[in-house]
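So the chains spell out like this:
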Amino acid sequence: MSIKALFSSAVVVLAIAGNVQATIFGDATFYFPGTQPGACGEFKGPHGTADLIVALDPTQYAGGSNCFRNIGIHHNNKYVKATVVDLCPSCSPGSIDLSPQTFSRLESLDVGMMKVKWSFV
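Keep in mind it's a predicted model, so treat the numbers as computed, not measured.

1. Some thoughts on the packing of aromatic side chains
Item 1. Taken as a whole and assessed by the stated rule, the structure comprises three aromatic pairs.
Item 2. Here tryptophan 118 and phenylalanine 120 contribute two aromatic rings whose centre-to-centre distance is 5.4 Å and whose plane-to-plane angle is 80°, an arrangement assigned as edge-to-face. Take tryptophan 118 and phenylalanine 120: they sit in the same class, and that class is buried.
Item 3. Members of the aromatic cluster, each reached through a chain of ring pairs, are Phe30, Phe32 and Phe103.
Item 4. Looking at arginine 69, its charged tip hangs above the ring of phenylalanine 120, at a distance of 4.0 Å from the centre.

See below:
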């Protein structure tokens, strides 16, 4: 068996086993979610500017199929986990919109936008 075939087989096995989590790169901004449910509907937990929540771009939002999933977000050796509760229609693919509390765990709100990498956890 060739190295290429062996590698392809290993990737398929890992993907089937669910052990592969794609890392997504994009920009992160912040928004003020308010007190009403986001695009995902009723969130069974806290919801507001002080909560660790996130809105996904339309591609990652996937028609709501990723609602209430957690994502891990990395920026400058800092990490925070947040729950998907909303859609960010203006976000480009891979970019996310964070509550102020989530954003401030990674960077000062004064920055306004930062480069991040994230994945579903």
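2. Side note on the sheet that holds strand 2 (residues 53–56)
Item 1. With mixed pairing, the six strands of this closed barrel are ordered in space as 1-5-2-4-3-6. Taking the axes of each pair of neighbouring strands and ignoring which way they run, one obtains an average angle of 45° across the sheet.

3. So, the pairing of strand 1 (residues 24–30)
Item 1. In this sheet, strand 6 (residues 114–120) lies alongside strand 1 in antiparallel orientation, the contact comprising five bridges. Within the sheet, the bridge partner assigned to isoleucine 24 lies in strand 6 and is tryptophan 118.
Item 2. Inspection of the sheet shows strand 1 paired to strand 5 (residues 96–98) by three bridges, in the parallel sense. Note on strand 5: the bridge partner recorded for threonine 29 is aspartate 97.

4. As for the state of the cysteines
Item 1. Within this structure, the stated rule accounts for two disulfides.
Item 2. At a sulfur-sulfur separation of 2.1 Å, the disulfide partner of cysteine 40 is cysteine 67. Residues cysteine 40 and cysteine 67 are joined through a disulfide that is left-handed, its torsion about the S-S bond being -85°. With cysteine 40 in the loop between strand 1 and strand 2 and cysteine 67 in the loop between helix 2 (58–61) and strand 3 (70–75), the pair connects residues that are 27 residues apart, well separated along the chain.
Item 3. Classification of cysteine 40 as buried rests on a relative accessible area of 14%.
Item 4. For cysteine 88, the disulfide goes to cysteine 91, at an S-S distance of 2.1 Å. Given an S-S torsion of about 80°, the disulfide between cysteine 88 and cysteine 91 has right-handed geometry.

5. Remarks on the nonpolar core
Item 1. In terms of nonpolar packing, the biggest core is built from 20 residues, with Leu56, Ile71, Ile73, Ile96, Leu98 and Trp118 touching the most fellow members.
Item 2. Listed by contribution, the elements that provide at least two residues to this core are strand 1, strand 2, strand 3, strand 4 (78–87), strand 5 and strand 6.
Item 3. It is strand 6 that contributes the most residues to this core, four residues altogether.
Item 4. With residues near it in sequence (within four places) discarded, isoleucine 96 still touches Asp27, Ala28, Thr29, Val54, Ala55, Leu56, Ile71, Ile73, Cys91, Val116 and Trp118.
Item 5. In this structure, Ile53, Ala55, Val85 and Cys91 belong to the second largest nonpolar core, which totals six residues.

About the cut-offs
- Residues numbered from 1 in each chain as written.
- Predicted model: local features only at pLDDT ≥ 70, side-chain atom pairs only at ≥ 80, totals over all residues.
- Heavy atoms only, no water.
- Phe/Tyr/Trp six-rings, centres within 6.5 Å; stacked < 30°, edge-to-face > 60°.
- Buried < 20%, exposed > 50% of the residue type's maximum accessible area, 1.4 Å probe, protein only.
- Lys NZ or Arg CZ within 6 Å of the ring centre and 35° of its normal.
- Pairing = 2+ DSSP bridges.
- Helix = DSSP H or I, 4+ residues; strand = E, 2+ residues; numbered from the N terminus.
- Axes fitted to C-alpha atoms, helices over the stretch in contact; angles between N-to-C directions.
- Disulfide = S-S within 2.5 Å.
- Core = buried A, V, L, I, M, F, W, Y, C linked by side-chain atoms within 4.5 Å.
- Contact = heavy atoms within 4.5 Å.

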